[in-house]
Amino acid sequence: MNQIQGGVCAAQGFQAAGLHVGVKTHNVNKKDLTLIVSDVPCTAAGVFTTNVVKAAPIQVTRRHLAAGPVRAVVANSGNANACAPEGEENAVRMCRAAAAALGVQPQEVLVSSTGVIGQTLKVGVIEAGLPTLSGMLEHSWAGSDAAAAAIMTTDTVPKEAAVEFTVGGKTVCMGGIAKGSGMIRPNMGTMLCFITTDCAISQELLQSALREVCAVSFNRISVDGDTSTNDTCLVLANGLAGNAPITQRGGDYDAFAAALKEICVTLARKIASDGEGARHLITCTVSGAADEKTAETVAKSVVSSTLTKAAIFGADANWGRVLCAMGYSGAAFDPEAVDVSFASDAGRVAVCSRGRGLPFDEELAKKVLSEHDVEIRISMGSGAGQCVCWGCDITYEYIRINGDYRT
């Protein structure tokens, strides 16, 4: 498997574009409408928010996924179309407008939105802009770049990834774009993610692979402990690579799932790294747990801990906050078997052994925790279970961004 360029346009037969149409009113230089299109019908699958309150586009997209093959995804930023007047009607109107511009059926279009909750979507500007946007579609990396930019809200950078791998002797490509910066919590982190591939695979196995991979990627990130109304991860497979369709588990399925995991983990890390106001990507690596579930529970609790996040922001090796977060995680373990250390490109410093503090070099610890990428390493001394989760620090800027997000 090789990392390549191209994002959602890396796979054969996919085009993308992004444009400012007026959903966002404060900055006309920020794109706010994305279109991703396959030249041929696709098998498609999706995973969505666990929040009981779900945005209207999710309801529409679920129906369209159940209806059969898919040709396109249309998504806007700047307005979540969640808990909004005429929400479902406006989501349907987005699909109809995209379908008319592309010459396909409305049920072949999947729809997503992200932004402010509770406000009426200005669907008219989307309908007016889609003919222009459809004329801008490109099979190139530039098209993916524009699409990635158009789904950003408080994100500071677009998020893209692509890989090339082999299935049944055929070269297959897969690529994705994502957005996510705030309102991110483990268990389908708050985000939009669109993945494309030219692999041929059955819908049943595509859905299984997506669900399995989301569990070990997007479900293991945290920025602020909030789960959105709009979380959506979609994957479209058009089969243009020419491989024999994957219809059962085995070597080809494993290769596909490994590529999907590579894409999703890469994008998940980029989301965590770009947390609102964040200065650090935090990786929590837990080993020696009784089982993987215990390790995951502990790691999620640590990367979600506000006090731990604040300590990393201050480059303060306050390891007691790590043990505290482990202790209230709900996982059963022996605190007197736990070791903790902090690591980064600046080095490694052990701070806790068998549940007790160690003397350590505070100056070295400060250097270690001042790097952008910081790792919290936890050994639980109880078994072979292990897990990695990702988060970020919490800063003054996070409060500023969310204090006036709606206005």
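All of the points below concern the structure found in this document. This structure is a prediction, so every number in the text was calculated from the model and none was measured. (Residues numbered from 1 in each chain as written. Predicted model: local features only at pLDDT ≥ 70, side-chain atom pairs only at ≥ 80, totals over all residues. Heavy atoms only, no water.)

Description of the packing of aromatic side chains
- Within the structure shown, the criterion is met by one aromatic pair.
- When the centroid spacing of 5.3 Å and the interplanar angle of 85 degrees are considered together, the rings of phenylalanine 313 and tyrosine 396 count as edge-to-face. With phenylalanine 313 in helix H8 (residues 306–313) and tyrosine 396 in helix H11 (residues 396–403), the pair connects residues that are 83 residues apart, well separated along the chain.
- Take tyrosine 396: its relative accessible area is 68%, and that puts it in the exposed class. (Phe/Tyr/Trp six-rings, centres within 6.5 Å; stacked < 30°, edge-to-face > 60°. Helix = DSSP H or I, 4+ residues; strand = E, 2+ residues; numbered from the N terminus. Buried < 20%, exposed > 50% of the residue type's maximum accessible area, 1.4 Å probe, protein only.)

What about the nonpolar core?
- Counting residues in hydrophobic clusters, the biggest one holds 41 residues, and the most contacted among them are Met174, Ile195, Phe218, Phe256 and Leu260.
- Listing elements by their share of this core, those giving two or more residues are strand S3 (33–48), strand S6 (159–167), strand S7 (170–179), strand S8 (192–197), helix H5 (203–215), strand S10 (232–237) and helix H6 (251–273).
- Considering each element in turn, this core owes the most residues, 12 residues, to H6.
- Once you skip the residues sitting within four places of it in the chain, phenylalanine 256 turns out to touch Phe165, Met174, Thr197, Cys199, Ile201, Leu206, Ala209 and Ile246.
- By size, the runner-up hydrophobic cluster in this structure holds 33 residues, among which are Ala295, Val302, Val338 and Cys389. (Core = buried A, V, L, I, M, F, W, Y, C linked by side-chain atoms within 4.5 Å. Contact = heavy atoms within 4.5 Å.)

A few points about the side chain of glutamate 375
- With respect to the element layout, glutamate 375 can be found in strand S15 (residues 373–379).
- One polar contact links glutamate 375 to arginine 377, side chain to side chain, over a distance of 3.0 Å.
- The contact partners of glutamate 375, leaving out residues within four places of it in the chain, are Thr283, Thr285, Ser341, Phe342 and Ala343. (Polar contact = N/O pair within 3.5 Å; in protein donor to acceptor, adjacent residues only side chain to side chain.)

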